[in-house]
Amino acid sequence: MRSLATPPGDRQSDGCDSGPRSAAPRARLRRESVGRATSRGAVASAVGLLLVGVGSSADATPRGPVVSGATVNSGRDVIVGITHDVVFPVTVTGSDDPGLNFADVDLKGPHGGFYTTDAYCETATACTTVFTVNAHPAAGSDDPVDLANANAGTWSVDALVDADTGDSVFAPGVGSFGLKRAARLTVNASPEPVAKGARITVTGKLVRANWDTYRYAGYTGQAVKLQFRPKDSSTYTTVATVNTSNTGTLRTTVKAVKDGYWRWDFTGTTTTGPAKATGDYVDVRP
């Protein structure tokens, strides 16, 4: 797979590719010459019509494959931490008679984020490529990485698709997805055990992956829900909403009513994935 998160010159020493990588010459050359559905036989057909001086307008209309959409990671956000590569599929769908054959797929993100790869189509109407992204150096080295914090957000999908007939179509912006920084949450509820009606202090911390430093750091000013699940229930209910401090910490107090589990729940943002803390059990005594 060919990949590049930020074109050369946009990134400094904050973790970028060691050298420029771009779409293969084949894909780049064809994309310059193909805008919408075209037919490599269109020119020959036009010459033939001029020679015989006959032909309907329908016969002169170029025909080619149609791209109907693109699905990334089965419709889920792609969430990347700081320790492991993340592999995900992109499936481009469309149609042609007799069928689709090959697809070049580009992913484009904020601040020059870019990946590209290609694959033969597995069916006449679907072409699936696989991408690998990372935000960590190779083990034991300072090798550059693919992603910087500025690349997090909404990415778009461009596709150049070939049909079995030799026709091609370039479909820009045929899909989109979120490429987000991973988040983590902790929780602690105390004292435990606690007398019924007494106050419980619930603390925690929200952190997210920093793709520039390869560490997790506090996520400030974020609304996080405090939730409770009774001992004999499987459902959490939101009790309060608390904003994180300038270090990502959380703290509030609630009344102890019954035995159960307390947790923090963060729904995520446009740049950061969701996170839920594992419930902390508190024994409430009469």
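Structure: above.
Now for a quick tour of the structure.

Each value, and the rule that gives it
- Counting from 1, residues in each chain are numbered in the order their sequence is written.
- Reporting in this predicted model follows two pLDDT cut-offs: at least 70 for local features of residues, and 80 or more for side-chain atom pairs to be given and counted; totals over whole chains, interfaces and linings ignore these cut-offs and use all residues.
- As a rule here, side-chain values come from all non-hydrogen atoms in the structure, and water together with hydrogens is ignored.
- Per the convention used, a helix needs a DSSP run of H or I reaching at least four residues, while a strand needs a run of E reaching at least two, with both numbered from the N terminus.
- Under the scheme applied here, a residue whose accessible area is under 20% of the maximum for its type counts as buried, over 50% as exposed, and between as partly exposed, the area being computed with a 1.4 Å probe on protein chains only.
- Throughout, a residue-residue contact means that at least one pair of heavy atoms, one from each residue, lies within 4.5 Å.
- A carboxyl oxygen of Asp or Glu within 4 Å of a side-chain nitrogen of Lys or Arg is what we treat as a salt bridge.
- When two cysteine sulfur atoms are found within 2.5 Å, that pair is recorded as a disulfide.
- The criterion for an aromatic pair is that two Phe, Tyr or Trp rings (for Trp, the six-membered ring) have centres within 6.5 Å, with stacked assigned to planes under 30 degrees apart, edge-to-face to planes over 60 apart and tilted to the rest.
- The rule is short: NZ of Lys or CZ of Arg within 6 Å of the ring centre and within 35 degrees of the ring normal puts a charge over the ring.
- The set of buried Ala, Val, Leu, Ile, Met, Phe, Trp, Tyr and Cys residues whose side-chain atoms join them within 4.5 Å is what this entry labels a nonpolar core.

## Details of the environment of Trp262
Residue placement: Trp262 occurs in strand β17 (residues 260–266). The class for Trp262 is buried, based on a relative accessible area of 5%. With 24 residues separating them in the primary sequence, Trp262 and Thr238 have C-alpha atoms 9.9 Å apart. Here Trp262 is in contact with Val187, Ala189, Ile200, Leu226, Gln227, Phe228, Val239, Val254, Thr278, Gly279, Asp280 and Val282, once residues within four sequence places are set aside.

## Points about the pattern of salt bridges
Counted under the stated rule, the structure contains five salt bridges. Between Lys180 and Asp77 there is a salt bridge, with the nearest N and O atoms lying 2.9 Å from each other. Of the two residues, Lys180 sits in strand β9 (residues 168–181) while Asp77 sits in the loop between β2 (66–72) and β3 (78–80), which places them 103 residues apart along the sequence. On the accessibility criterion, Lys180 (14% relative accessible area) is buried. Asp283 serves as the salt-bridge partner of Arg285, at 3.0 Å between the closest nitrogen and oxygen. Classification of Asp283 by relative accessible area gives partly exposed; the value is 24%.

## Here's the deal with the state of the cysteines
Using the criterion set out here, one finds one disulfide in the structure. Residue pairing for Cys121: its cysteine sulfur links by disulfide to Cys127, the two sulfurs lying 2.0 Å apart. Its S-S torsion of about 75° marks the bond between Cys121 and Cys127 as right-handed, since a negative value means left-handed. Judged on exposure class, the residue Cys121 and its partner Cys127 are both buried.

## Here we look at the packing of aromatic side chains
What the rule picks out here adds up to eight aromatic pairs. Each ring, one from Phe102 and one from Tyr120, has its centre 4.6 Å from the other, and the planes form 75°; the classification is edge-to-face. Placement of the pair is Phe102 in strand β5 (residues 100–108) and Tyr120 in strand β6 (residues 114–120), with a sequence separation of 18 residues. Over the aromatic face of Tyr219 sits the side chain of Arg208, whose NZ or CZ is 3.7 Å from the ring centroid. Above the plane of the ring of Tyr236 lies Arg263, whose end atom (NZ or CZ) is 3.7 Å from the centre.

## Looking at the nonpolar core
In terms of nonpolar packing, the biggest core is built from 33 residues, with Val80, Phe88, Leu107, Leu147, Val157 and Trp211 touching the most fellow members. Elements with a contribution of two residues or more to this core: β2, β3, β4 (86–95), β5, β7 (126–133), β8 (153–163) and β9. Per-element tally for this core: the top contributor is β9, with five residues. Leu107 has contacts with Phe88, Val90, Gly113, Phe114, Tyr115, Phe131, Trp155, Ser156, Val157 and Phe177, leaving out every residue within four places of it along the chain.

## Quick look at unusual backbone geometry
The omega torsion across Ser190 and Pro191 is 0°, close enough to zero to call that bond cis. Within the fold, Pro191 resides in the loop between β10 (183–190) and β11 (194–195). Cis geometry is adopted by the peptide bond preceding Pro193, which originates at Glu192 and carries an omega value of 5°. As for its placement among the helices and strands, Pro193 is situated in the loop between β10 and β11.

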